[in-house]
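What follows is each chain in one-letter form.
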Amino acid sequence: MSDYHNATTEQWLQWDKDHIWHPYSSMLNPVEMIPVVSAKGVRLTLADGTELIDGMSSWWSAIHGYNHPALNAAATAQLSDMSHVMFGGITHPAAATLGKRLVDLTPAALTKVFISDSGSVAVEVAIKMALQYWYSIGKQHKTRLLALRNGYHGDTFGAMATCDPVTGMHHLFNKVLPSHIFVESPRTAFGDTASDADMAAITTALKEHHQELAAVIVEPIVQGAGGMKFYSGDYLRRLRALCDEYDVLLIHDEIATGFGRTGKLFACEHAEISPDIMCLGKALTGGYLSLAATLCSDRIAEGICNGEAGVFMHGPTFMGNPLACSIANASIDLLLASDWQANIQRIESILREELSHAAPLSSVANVRCLGAIGVIELKDNVDMTSIQARFIDKGIWMRPFGKLVYTMPPYIIGDQDLTQLCRSIVAAVAEEE
Ligand code: PMP
């Protein structure tokens, strides 16, 4: 019988290796995991006491760093009231307050909020809202989605079907996924006027398919897992106009970009537009707990609620979890109480300055930064094991994939730590040549 509560690091690492799936991992050929036992501020502490500066914000989410006193206090206060209660027929102040705040912060057209428990589910909810809307108003033929190549919207079935069907992570499921329509992702860079070629591709697709299209779904401004590409706000603006012209709903997946990461509170603000449906997640709770939200307009809510079912057909067990909602409220308080725009600009200028030193390296194809996101795109795929060992040697936590070495640090990172993070990244990339 194992002594579960007094396991040595070697023991629990072995249990992990034997039994636990990690994201996109092999159980037969497991890679060595980095054992983290605590985290505070921008530092992760490993089992042997080593500290690493976190360059990932646990995948866009830990914007205030780890173990933040204000978020801890919100969690403790909510725990002493209740950590969870069902949401069917019951409500509570944490969810109601969060809903009101999200409506107040996002574009004015978004007035109704569905609170779920992960980014992928927020996307499922968005797709179901669009489909149930058209069904409810008698346009049952509008069942398909239009998405961008290199897009990524999550790992559940509805979301997978909107990810790039060729280069994306889910192509082996293509045969059982609903078939949607895909358009080349915009090549026009952030800040530029959308090119004729980009607009022609999306216009043609909308013109040809609008009668069967329920919605267009995009990650605004930043295509994340599909290549960390930054694209034109003008393209987004014109896509909004096309959706109106062809009567197709527009879904923005702001799960990665929401809450300031691109320099605006929400990336749609770069284009000064509103989607019909917006998905939020990741940084919503400052990375403390899994929580997500899907917002929609009155038009969609009215269409659904005046329709055959009269209700929206979704209701997960942990919907509106009070603990997560309270932490989300505290996380939004923290963000808004800070001079977050100036702070993101500070981070962006350090990222630009420091990561530019990688540009002359022969292995580097491109260096790009936007807000608190820095990307070094290599000419060839990285050797993950080798480069990760270098990062850890240099005291930083990074998780590159494919040709991309990218960082999205916690917003609380100080100049000195950020400079050290960037210099370590550039040095590791240089040593890999
Ligand atoms: N959409 C985007 C743009 C994302 O980056 C992610 C997560 N990487 C998701 C959806 C899915 O969110 P989750 O992992 O919380 O299900």
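Residues numbered from 1 in each chain as written. Predicted model: local features only at pLDDT ≥ 70, side-chain atom pairs only at ≥ 80, totals over all residues. Heavy atoms only, no water.

An unreviewed UniProt entry lists the protein under the name Adenosylmethionine-8-amino-7-oxononanoate aminotransferase, from Zhongshania arctica. Recorded in UniProt under Subcellular location (unreviewed entry), the annotation for the protein is "Cytoplasm". Quoted verbatim from the Sequence similarities (unreviewed entry) field of UniProt, the annotation for the protein is "Belongs to the class-III pyridoxal-phosphate-dependent aminotransferase family. BioA subfamily." (UniProt positions renumbered as here; feature names shortened; annotations may be inferred.)

Draft legend 1. Geometry of the nonpolar core. With 97 residues, the main nonpolar core has Ile202, Leu206, Phe259, Val405 and Ile425 as its most contacted residues. The element best represented in this core is helix H13 (residues 415–431), accounting for 7 residues. Look past the residues within four positions of Val405 in its chain and what remains in contact with it is Gly374, Val375, Ile376, Leu378, Val382, Ile387, Phe391, Met398, Pro400, Ile425 and Val429. (Core = buried A, V, L, I, M, F, W, Y, C linked by side-chain atoms within 4.5 Å. Buried < 20%, exposed > 50% of the residue type's maximum accessible area, 1.4 Å probe, protein only. Helix = DSSP H or I, 4+ residues; strand = E, 2+ residues; numbered from the N terminus. Contact = heavy atoms within 4.5 Å.)

Draft legend 2. Structural view of the side chain of Gln132. Here Gln132 is to be found in helix H5 (residues 119–136). The exposure class of Gln132 is buried, given its relative accessible area of 12%. A distance of 3.1 Å separates a polar side-chain atom of Gln132 from the backbone nitrogen of Met313. The contact partners of Gln132, leaving out residues within four places of it in the chain, are Ile304, Ala309, Val311, Phe312 and Met313. (Polar contact = N/O pair within 3.5 Å; in protein donor to acceptor, adjacent residues only side chain to side chain.)

Draft legend 3. Quick peek at the UniProt feature "binding site: substrate" (unreviewed entry) in the protein. In the numbering adopted here, UniProt assigns the feature "binding site: substrate" (unreviewed entry) to Trp59, Tyr152, Lys282, Gly315 and Arg399. In three dimensions, the annotated residues from a span of 341 residues occupy distinct locations, with a maximal C-alpha spread of 34.0 Å. Note on placement: Trp59 falls in helix H2 (residues 57–60). Accessibility expressed as a relative area gives 40% for Trp59, which makes it partly exposed. Within the secondary structure, Arg399 sits in the loop between strand E15 (396–397) and strand E16 (404–407). With relative accessibility at 29%, the residue Arg399 sits in the partly exposed group. Leaving out residues up to four positions away in the same chain, Arg399 has contacts with Met56, Met384, Gln388 and Tyr406. Within the structure, the side chain of Arg399 is placed 3.5 Å from the side chain of Gln388, a separation counted as a polar contact.

Draft legend 4. Highlighting the packing of aromatic side chains. On inspection of all chains with the given rule, the structure shows 7 aromatic pairs. Each ring, one from Tyr133 and one from Trp134, has its centre 4.8 Å from the other, and the planes form 70°; the classification is edge-to-face. Side by side, Tyr133 and Trp134 carry an identical accessibility label, which is buried. Each ring, one from Tyr231 and one from Tyr235, has its centre 5.8 Å from the other, and the planes form 90°; the classification is edge-to-face. Using a relative accessible area of 0% as the deciding quantity, one classes Tyr235 as buried. (Phe/Tyr/Trp six-rings, centres within 6.5 Å; stacked < 30°, edge-to-face > 60°.)

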